[in-house]
Structure formats: structure tokens, C-alpha cells
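# A closer look at the structure
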Amino acid sequence: MNRNDVTEKIISTKVAKGLQWEAIAKKVGQSKEWTTALCLGQMTATAEQAKIVGKIFGLTAEEQKWLQVVPYKGSLPTPVPTDPLIYRWYEVVSVYGTTIKELIHEEFGDGIMSAIDFSMDIQREANPNGDRVNVVLSGKFLPYKQY
């Protein structure tokens with residue numbers, strides 16, 4: 001057994017029970033974005049969070065322990081993603097990455113946006129021309145230090 005096995009069990013149980021990430025997140029007490037990342041193998045649960053997720057998905061004590069192991073982050077199977085939705089994010093970074101970098105550096109200076117001290121919010125935005133996906137990424141600015 002490994003973390004991928006637990007992730008697969010979570011996904012198949014979610015489908016079988018018709019569960020929604022937002023409802024799962026409310027039980028866990030975290031955002032739907034973070035909870036989904038946890039269940040997909042990209043975050044580390046506390047013992048209490050693992051117990052809650054375990055109850056929702058029928059996980060054994062051993063499987064719950066796997067939720068508490070720090071995962072290998074990064075879940076894409078190929079360097080350039082082939083899933084159309086994920087590829088569009090790759091496209092956004094390919095086309096706008098240098099613009100994002102330039103504007104962050106102009107506003108903040110030489111540094112990075114943290115993906116550790118980070119939050120994300122994904123919402124549906126009603127629009128008469130077709131609903132829009134509104135994604136807000138918020139990461140702490142970390143300046144490079146001189147030494």
C-alpha cells in the first residue's frame with residue numbers, strides 16, 4: 001500500500017457515493033481547494049483531519065496514516081500536461097508567465113510568490129455570455145536576500 005492507493009480509493013469512493021468536495025471540506029474544516037488537494041495526494045493531514053477523511057471514505061487506520069505522510073508534491077504524469085483543462089493552465093503560464101513575473105517584480109522587487117504560504121479560491125461567476133471560472137491565487141511574497 002502507498003499514498004497513490006489511498007488516493008485512488010478516495011476517488012472511487014467519492015464517485016460511488018456521489019460526494020462533493022465542498023461538502024467534504026466542510027466536514028474537514030478546511031477550504032474545498034485545500035481539502036481536494038489533500039484527498040488527491042498533495043497535502044498532509046493532521047491526525048484529526050485524517051480521521052474525518054477516513055470516516056467519509058471508509059479508510060482503514062493504515063490508510064489514514066498515509067494521509068499524514070508528507071507527499072511528493074507535483075501530480076502531473078508528463079512534463080507538458082495532456083488533460084485539456086490542465087493544459088490550459090500550462091498555456092496561461094506559457095503565454096502570461098513572463099508578464100506575471102514582470103509585474104510582480106515591478107510591484108514587489110526581486111523574489112517569488114510562495115506556493116507554501118498560499119491560498120486559492122475557485123468560484124463560478126455568472127455571465128450572460130457563458131459562466132466564467134474565477135480563480136484567485138494568493139501567495140506571500142518572498143524576496144531574495146543578499147548574502
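First, a word on scope: everything that follows refers to the structure included in this document. (Residues numbered from 1 in each chain as written. Predicted model: local features only at pLDDT ≥ 70, side-chain atom pairs only at ≥ 80, totals over all residues. Heavy atoms only, no water.)

## With respect to the pattern of salt bridges
Just so we agree on the cut-off: Every case where a carboxyl oxygen of Asp or Glu lies within 4 Å of a side-chain nitrogen of Lys or Arg is listed as a salt bridge. Helix numbers and strand numbers start at the N terminus; a helix is a DSSP run of H or I with at least 4 residues, a strand a run of E with at least 2. The rule is simple: take the accessible area with a 1.4 Å probe, protein chains only, and divide by the maximum for that residue type; under 20% is buried, over 50% is exposed, in between is partly exposed.
Here the structure, examined in full by the defined rule, presents four salt bridges. Across the salt bridge formed by Glu63 and Lys9, the nearest N and O atoms sit 2.9 Å from each other. Placement of Glu63 in helix 5 (residues 61-67) and of Lys9 in helix 1 (residues 3-17) is noted, with a sequence separation of 54 residues between them. Residue classification places Glu63 among the buried positions, given a relative accessible area of 7%. Put simply, Glu33 and Lys32 hold a salt bridge, and the shortest N to O gap is 2.9 Å. The exposure class of Glu33 is buried, given its relative accessible area of 10%.

## Looking at the nonpolar core
Put simply, the test is: Here, nonpolar core refers to any group of buried Ala, Val, Leu, Ile, Met, Phe, Trp, Tyr and Cys residues whose side-chain atoms link them within 4.5 Å. The contact criterion used is simple: two residues touch if any of their non-hydrogen atoms lie within 4.5 Å.
Counting residues in each nonpolar core, the largest one holds 13 residues, and the members touching the most others are Ile10, Val53, Phe57, Leu59 and Leu67. For this core, the secondary-structure elements that each account for two or more residues are helix 1, helix 2 (21-28), helix 3 (32-39) and helix 4 (47-57). Considering each element in turn, this core owes the most residues, four residues, to helix 4. Beyond its immediate chain neighbours, meaning those up to four positions away, Ile10 contacts Trp21, Cys39, Val53, Phe57, Leu59 and Leu67.

## A few points about the layout of surface pockets
Filter applied, for reference: Only protein atoms enter the 1 Å grid used here. Points where a 1.4 Å probe fits but cannot escape make up a cavity, open sets with protein on both sides within 12 Å along at least five of seven lines make up a pocket, and a residue lines them when an atom lies within 4 Å of a point. Grid points are joined across faces, edges and corners, and a volume is the space filled by probe spheres set on the points. Throughout, the ten residues Ala, Val, Leu, Ile, Met, Phe, Trp, Tyr, Cys and Pro are labelled nonpolar, Asp, Glu, Lys and Arg are labelled charged, and all others, Gly among them, are labelled polar.
Taken as a whole, the largest pocket holds about 2200 Å³ of empty space. Residue lining of the largest pocket: 40 residues in total, with Trp89, Phe118, Met120, Ile122 and Leu137 positioned closest to the centre. Those elements that provide at least two residues to the lining of the largest pocket are helix 2, helix 3, helix 6 (84-108), strand 1 (111-125) and strand 2 (132-143). Sort the elements by how many residues they give to the lining of the largest pocket and helix 6 lands first, with eleven residues. For the lining of the largest pocket, the residue count by class is 24 nonpolar, eleven polar and five charged. There is about 200 Å³ of room inside the second largest pocket. Considering the residues around the second largest pocket, the lining is formed by Asn2, Arg3, Asn4, Thr7, Leu40, Gly41, Gln42, Pro71, Tyr72, Gly74 and Ser75.

Function-wise, these values are silent; they only describe arrangement.
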